[in-house]
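Structural features, examined
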Amino acid sequence: MLQRNSELSYLAPDEAPATFTEPSSAPAVDLREMGRILRRRWKTVALLPLILMSLAVAYIMSVDTLYTATSTVLVDPRRANVVETNQGVLSNFGTDDATIESQTLLIQSVAILQRVVDKLKLTEDPEFTPQPGLLDPVKRLFSSSVPVAGSNAADTARSRSVEILQRRMKVTRQGTTFLVDINVSSEVPQKSAAIANAIAEGYFEEQVRAKYDATRIAANWLNSQIETLKSRVGTSEQAVEDYRTANNLAVSQGVTVNDQQITDLNNKLISARVQTAEARAKFDQVQELTRSRADPGGINAVISSEMISKLRTQYADIAKNSADLSSKYGPRHPLVANSRAQLADTQRLINDEIQRILQSTRHDYDIALSRENSLKESFDKLQGVSSQSGQAQVRLHELQREAEANRTLYESYLARYKEASAQESLEMPDSRVVTKASIPIGPSSPKSKLILGLAMMLGLGAGTVLAFLLDYLDGRVKTLEQAEQISGLPALAALPLIGVRELAGRAKRGRSDLGSYDPRTMRLLPPSLQPPLMRYAIEEPGTFFAEAIRAVRLSIQRTLRIEPIKIIVVTSALDGEGKTTLAANLALSLATLGIRTLLIDGDLRNPGLTRALCPHADVGLLQVAMGETSLDQALLVDPSTGLSILPAPAEKDENFITELMFSDRIADLMDHLRQRYELIIIDSPPLVPLVDGRALAELADRIVLAVAWNQTPREVVTHTMNLLAPVYDRMLGTVLTQVDLNKLQFYDYYRSSAYLKPYGTAAAAASVAR
């Protein structure tokens, strides 16, 4: 669809803005617009992948093909010892990450790789021997490893082979496990497997050699220390025995006899003191009862006495019998009296027994006190003897501790010496091979698919980014929406670009009339000799081009219904934006409706309209304005449509042209033409480079701005609108010209040929062909 559907397209704003700026909108993700950008920039998107793919192919073809073999080693900290020992000279390493990583670096050490180089004779292998090159002098300038003067040639060759081998190998740990992969790359598959297995064996040999050396050194040192410790133990033990004999410190069961006697007497003295305290407590209780004349029957000795228990039982039985007799016979009966006598005797026996018990507490207390005093006297005598030998025992203990320490150290060294001697010939590595390296069946480098895939992905990514960047930096107007946003005016239509082939074909059809054309009698070119685009809208009414012209004509007609307008200026920001083609076809389209229309070539400096329609005209706008000729003599009429044309022969005096445009002569001429014609279409000069167009804009009732599609920068349109700010209220709208409908679908699908194709004709299809 080439026409804007807005009903407000013919309305002009009441006020003109002071300045125009490019509208800014918040960035939003529009997937459809991103797809359009990629489609219209597909060459840019495809260029970078092709370049990177070409470089990748060149790299793959230039590098050597390598085969990688992998030998897997288990760093096993739980290996079993052949000889059962508490601890080896070099204990098994730990299981922390630092230890495993250290073993990984050990596999790559120079010592192990030198052993592999010597074993496999890699110094004689061309693959591991540096080959002379053209860049060797340059490399030596930046090399940090320079051979030392006087160094052995064999050592130098081995060092270089080791350096190459280090570059060809890679040792990695499998995650957080104890498994370590030894990867070796070589140009020969069998050689890579042999080197990988040799490195694993060299690693094991290095472990065994390190343990053997440490064990042998430890055994020699222990052997030298054992003889010294043996003599020291004998000397210290003899000193203990001599000191004990000199100080009469006989020992029984590990302690002296005097200490044993003191311990026994101390235990007996403690027991005697306890017994004395118990007897004293009983005696004090008896004394207290005696002084207070209380009943002594409540003391423990009395209560626990078996005799008193029997007497009290007997007393209770007699008392019961006496009570029965007294209740039966009365208190004066002889039996009752006899019973009472028995009670008195029993009570007397109880009292006598209690007194005996009280007297025995005194006797027991005296015996216990006497025994305690005797033991204390014996203990004091022995303690006196012990205090005299105390200093001697302190010295004896010191000698015993020293002898014991020497004996323990000697036994420990002797045991470690025996263990080291046993381990010296039985050391085993702490690692083992899980998987031996096998001969690889396919090359590992270069990874052609991976390199090509990465090149493709990186190229597509970079190409996509570059396409978006170029599109973002491309400031040319490409859609009607952009023209509306930048200018703030309705976009009236999109004028399609006519194919070069069709234009050439139409130009060939006019060659037959070229011979009959006489410029002296026919100032206006016949339609067949005019440029094909000048009359395309009326000669091909079924094309999108004609539809766009009719859309502009409709906007003018809408405006005519609201207010009377006469002069319509068709202008552009720069030259070559299609304003002349638009003005000519618009004037012809209006004339076909029977409207008295005048087409004026207002570009006196570069009269493109005059060159196209009447290149031999000698009078025109300038001469009429200056009064040098009459209007009727200067006018040309198109016989097929009745369109009047006022040409503008070229004028070299540019200062005169500028002064004329701003003079009253042009204004008076326009007022005269308003009276004679219903509509006047003026092909104006471009606005940015010249001021002539701005002068004509002051005289116009409405202004149509032509904007070349994919050509005019947005900044130029903004600047043009700023130039037209004084007459902004007279702006009718913008027309997008020279639009390639096939490419427009990548910017605005609904106004492209893809959307309009079902409504086109054969001529319309030909009009969009390039």
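Residues numbered from 1 in each chain as written. Predicted model: local features only at pLDDT ≥ 70, side-chain atom pairs only at ≥ 80, totals over all residues. Heavy atoms only, no water.

Remarks on the overall build of the protein
- Looking only at helices and strands, the protein has 28 helices and 14 strands in total.
- Put simply, the protein has 770 residues, and 42% of those count as buried.
- Contacts in the protein between residues far apart in sequence, at least 24 positions, make up 83% of those at least 6 positions apart.
- Here the protein displays about 41,900 Å² of accessible surface, and carbon together with sulfur accounts for 55% of that area. (Helix = DSSP H or I, 4+ residues; strand = E, 2+ residues; numbered from the N terminus. Buried < 20%, exposed > 50% of the residue type's maximum accessible area, 1.4 Å probe, protein only. Contact = heavy atoms within 4.5 Å. Areas by Shrake-Rupley, 256 points an atom, 1.4 Å probe, with all protein chains shown as cover.)

As for the sheet that holds strand 10 (residues 636-637)
- Spatially, 7-14-13-8-12-9-11-10 is the arrangement adopted by the eight strands of the open sheet, whose pairing is mixed. On the outer flanks of this sheet lie strand 7 (491-496) and strand 10, each paired with one strand and no other.
- With two bridges joining them, strand 10 and strand 11 (residues 644-646) adopt antiparallel strand pairing. Of the residues in strand 11, the one forming a bridge with Leu 636 is Ile 645. (Pairing = 2+ DSSP bridges.)

Details of the nonpolar core
- The biggest cluster of nonpolar side chains holds 52 residues, and the ones touching the most others in it are Ile 600, Leu 646 and Leu 673.
- Ala 551, Leu 599, Ala 612 and Ala 617 belong to the second-largest nonpolar core, a separate cluster that totals 42 residues. (Core = buried A, V, L, I, M, F, W, Y, C linked by side-chain atoms within 4.5 Å.)

As for the confidence of the model for the protein
- Averaged over every residue, the pLDDT of the protein is 79; the share at 70 or more is 78%.
- Ranking the elements of the protein by mean pLDDT puts helix 28 (residues 762-767) last with 40 and strand 12 (residues 679-683) first with 96.
- Confidence drops under pLDDT 50 across residues 80-87; counting only partners more than four residues distant or on other chains, this segment forms ten contacts.
- This stretch, residues 751-770, has a pLDDT under 50; its non-local contacts, to residues over four places away or in other chains, come to 48 contacts. (pLDDT = per-residue confidence, 0-100.)

Some remarks on the pairing of strand 9 (residues 597-601)
- Burial analysis of strand 9 places five of its five residues in the buried class, the great majority of the element.
- Burial along strand 9 is two-sided: the residues Thr 597, Leu 599 and Asp 601 and Leu 598 and Ile 600 are all buried.
- Note that strand 9 and strand 12 share five bridges and pair parallel. Paired with Thr 597 across the bridge in strand 12 is Leu 679.
- Here strand 9 runs beside strand 11; their pairing, made up of three bridges, is parallel. Its bridge partner being in strand 11, Leu 599 is matched across the sheet by Ile 645.

Description of the sheet that holds strand 2 (residues 169-173)
- What the four strands build is an open sheet, ordered 2-3-1-6; its pairing is antiparallel. The open sheet has two edge strands, strand 2 and strand 6 (431-435), and neither has a second partner. Here the strands of the sheet are splayed against their neighbours by 30 degrees on average, with no regard to which way each runs.
- Relative to strand 3 (residues 179-186), strand 1 (residues 67-75) is paired through eight bridges, and the arrangement is antiparallel. Counterpart to Val 73 in the pairing with strand 3 is Val 180.
- On the sheet, helix 3 (residues 97-107) packs against strand 1, strand 2 and strand 3 and is oriented at approximately 165 degrees with respect to strand 2.
- On top of the sheet, helix 7 (residues 189-246) reaches strand 1, strand 2, strand 3 and strand 6; it is set at about 25 degrees to strand 1, its chief contact. (Axes fitted to C-alpha atoms, helices over the stretch in contact; angles between N-to-C directions.)

Let's talk about the pattern of salt bridges
- In the structure shown here, the tally under the stated rule is 23 salt bridges.
- One salt bridge connects Arg 535 with Asp 638, and the closest N-O pair in it is separated by 3.1 Å. Here Asp 638 lies in the loop between strand 10 and strand 11 and Arg 535 lies in the loop between helix 15 (500-509) and helix 16 (536-539), a separation of 103 residues in the sequence. Across the pair, exposure class does not vary: Arg 535 and Asp 638 are buried alike.
- It is possible to trace a salt-bridge network through shared partners that takes in Arg 115, Glu 205, Glu 206 and Arg 209. (Salt bridge = Lys/Arg side-chain N within 4 Å of Asp/Glu carboxyl O.)

Remarks on the packing of helix 22 (residues 654-661) against helix 24 (residues 692-699)
- The N-to-C vectors of helix 22 and helix 24 enclose an angle of 20 degrees; their axes lie 9 Å apart at closest approach. One finds that helix 22 runs roughly parallel with respect to helix 24. Classified by chirality, the crossing of helix 24 by helix 22 is left-handed. Across the interface between the two elements, Ile 657, Thr 658 and Met 661 of helix 22 pack against Asp 692, Ala 695 and Leu 696 of helix 24.
- In terms of residue class, the contact of helix 22 with helix 24 is made up of four nonpolar, one polar and one charged. (Parallel < 35°, antiparallel > 145°, perpendicular 65-115°, else oblique. Left-handed = near helix turned anticlockwise from the far one by under 90°. Nonpolar A, V, L, I, M, F, W, Y, C, P; charged D, E, K, R; others polar.)

Notes on unusual backbone geometry
- Each neighbour pair has its own omega, and for Ser 445 with Pro 446 the value is 0 degrees, a cis peptide bond.
- With respect to the helices and strands, Pro 446 occurs in the loop between strand 6 and helix 13 (448-473).
- At Lys 121, a position not held by glycine, the phi torsion is positive, near 55 degrees.
- Within the secondary structure, Lys 121 is located in the loop between helix 4 (110-120) and helix 5 (136-142).
- The backbone of Gln 738 sits at a positive phi, close to 55 degrees, despite the residue not being glycine.
- Looking at where Gln 738 falls in the secondary structure, it is placed in strand 14 (residues 731-739).

Examining a nonpolar patch on the surface
- Together, Leu 466, Leu 469, Leu 470, Tyr 472 and Leu 473 make up a nonpolar patch on the protein surface, roughly 520 Å² of accessible area in all.
- As for its position among the elements, Tyr 472 is in helix 13. (Patch = residues over 30% accessible without salt bridge, like charges linked within 9 Å, V, L, I, M, F, W, Y side chains within 5 Å.)

Some thoughts on the pairing of strand 12
- Buried residues dominate strand 12, accounting for five of its five residues.
- Of the two faces of strand 12, the one carrying Leu 679, Ile 681 and Asp 683 and the one carrying Ile 680 and Ile 682 are both buried.
- Where strand 8 (residues 567-572) meets strand 12, four bridges bridge the pair, whose relative direction is parallel. Each bridged residue has a counterpart across the sheet, and for Ile 568 the counterpart in strand 12 is Ile 681.

Regarding helix 22
- Listing the buried residues of helix 22 in full gives Ile 657, Thr 658, Leu 660 and Met 661. The arc enclosing the buried residues of helix 22, seen along the axis, measures out at 160 degrees, which places them on a common side. Looking at helix 22, the residues exposed on the side facing more than 90 degrees away from the buried face are Asn 655 and Glu 659.
- Those residues of helix 22 that are buried are in contact with helix 20 (621-626), helix 23 (664-676) and helix 24. (Arc of directions from axis to C-beta.)

Section: empty space enclosed by the protein
- Under the criterion given, the structure shown has one cavity of 30 Å³ or more.
- If you add up the space inside the largest cavity, you get close to 60 Å³.
- Taken together, Leu 524, Gln 530, Met 534, Arg 535, Ala 584, Leu 588, Leu 599, Leu 613, Asp 638, Leu 643 and Ile 645 make up the full set of residues lining the largest cavity. (1 Å grid on protein atoms, 1.4 Å probe; cavity = no way out; pocket = protein on both sides within 12 Å on 5 of 7 lines; lining within 4 Å. Points joined across faces, edges and corners; volume = space filled by probe spheres on them.)

As for helix 13
- Taking 1.5 Å per residue, 26 residues should reach 38 Å; helix 13 reaches 36 Å between its end C-alpha atoms and fits that length.
- Residues Ala 455, Gly 459, Gly 463, Ala 467 and Asp 471 constitute the buried set of helix 13. (Expected span 1.5 Å × (residues − 1).)

Some points on the packing of aromatic side chains
- This structure, assessed with the given rule, holds two aromatic pairs.
- Judged by centre distance (5.8 Å) and plane angle (45 degrees), the ring pair of Tyr 203 and Phe 204 falls under tilted. Note on accessibility: Tyr 203 and Phe 204 belong to one class, buried.
- Judged by centre distance (5.3 Å) and plane angle (80 degrees), the rings of Tyr 536 and Phe 545 are edge-to-face. The same class applies to Tyr 536 as to Phe 545, namely buried. (Phe/Tyr/Trp six-rings, centres within 6.5 Å; stacked < 30°, edge-to-face > 60°.)

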